[in-house]
Amino acid sequence: MKHKMTIMMMLLSVIVFVSCKNEEMPQESTQNEIIAFQELLDDWQNDENFTEIMQNCDSAEYGYYDIEDDGVKELIVTTVRGLAIFKYDNSEIKRIYWSTYSALLENGMIKYYRPGEAPENERYVYYNYDGSEYIKIATFERYDKDEDGDYDSGDLYIHDRNEVSKEEWDAKHKEYLEYKESVLIDTGEIFIEK
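Calculation rules
- Residues numbered from 1 in each chain as written.
- Predicted model: local features only at pLDDT ≥ 70, side-chain atom pairs only at ≥ 80, totals over all residues.
- Heavy atoms only, no water.
- Helix = DSSP H or I, 4+ residues; strand = E, 2+ residues; numbered from the N terminus.
- Buried < 20%, exposed > 50% of the residue type's maximum accessible area, 1.4 Å probe, protein only.
- Contact = heavy atoms within 4.5 Å.
- Areas by Shrake-Rupley, 256 points an atom, 1.4 Å probe, with all protein chains shown as cover.
- Expected span 1.5 Å × (residues − 1).
- Arc of directions from axis to C-beta.
- Pairing = 2+ DSSP bridges.
- Axes fitted to C-alpha atoms, helices over the stretch in contact; angles between N-to-C directions.
- Patch = residues over 30% accessible without salt bridge, like charges linked within 9 Å, V, L, I, M, F, W, Y side chains within 5 Å.
- Salt bridge = Lys/Arg side-chain N within 4 Å of Asp/Glu carboxyl O.
- Lys, Arg positive; Asp, Glu negative; His and termini not counted.
- Charge placed at Lys NZ, Arg CZ, Asp CG, Glu CD.

Caption draft 1: Spotlight on the overall build of the protein chain. Counting its secondary structure elements, the protein chain contains four helices and eleven strands. Going through the 194 residues of the protein chain one by one, you find that 36% of them count as buried. For the protein chain, the share of sequence-separated contacts (at least 6 apart) that also reach a separation of at least 24 residues comes to 44%. Surface accessibility of the protein chain: about 12800 Å² in total, with carbon and sulfur atoms responsible for 48%.

Structure representation (structure tokens):
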């Protein structure tokens, strides 16, 4: 009986070990991606995806953030022109986002915000990463139609191309406004020598 119990325990241990190995474990940032990102930062002038974001800029700030909360950090670059996100995937670096007027939020979402004039207006567009690209998930616009300097019930409010009331716009937009901008780690700067 004792021998059967020992065999059963060993068999159970093997089953548990095999099932744990088959579980998808979260990825961790690897030395390879850190080296690849550093090489990109050191030699950015030879990468067309990077030089595009540096056009007409004197400098850029960079840092790292885990946009998918999977343990793998992405390279985030900001300039006066906009925001770029680079991902290390299958031994290569891919730019997965680049746009002006953008900010990375703490949940990995991107907020595009652009104020305008004639009449005064604001446009917010939110993007979420789906594992391969950022896709648009919501758009909010408002126009100071009566040009009184306030966004009130007499103005125009649009959510995802549909005109809505101020109250509906505020209620739907509130969910997105709760996310703060992300805080990057291991930050640095790139300066363009003239």
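Continuing now.
Caption draft 2: Examining helix α4 (residues 166–177) more closely. Between its first and last C-alpha, α4 extends 15 Å over twelve residues, near the 16 Å set by a 1.5 Å rise per residue. Of all the positions in α4, only W169, H173 and Y176 are classed as buried. Buried residues along α4 cover an arc of 30 degrees about the axis, so they all sit on one side. In this structure, α4 carries E167, A171 and K174 as exposed residues pointing more than 90 degrees from its buried face. Against the buried residues of α4 lie β7 (121–129), β8 (134–143), β9 (156–159) and β10 (162–164).

Caption draft 3: Representation of the sheet that holds strand β2 (residues 74–78) in the model. Strand order in this open sheet of five strands is β4-β3-β2-β1-β11, and the pairing throughout is antiparallel. Sheet topology places β4 (92–99) and β11 (185–191) at the edges, where each strand pairs with a single neighbour. The mean angle between the axes of side-by-side strands here comes to 20 degrees, regardless of whether they run parallel or antiparallel. Sheet topology note: the strand β1 (residues 59–65)/β11 ladder contains five bridges and is antiparallel. Along β11, the bridge assignment pairs S59 with F191. Of the strands in this sheet, β1, β2, β3 (83–89), β4 and β11 touch helix α2 (residues 31–42), which is tilted by about 140 degrees from β3.

Caption draft 4: Geometry of a negative patch on the surface. A surface patch of like charges, here negative, comprises E117, E120, D146, E147, D148 and D150. By the secondary structure assignment, D148 is in the loop between β8 and β9.

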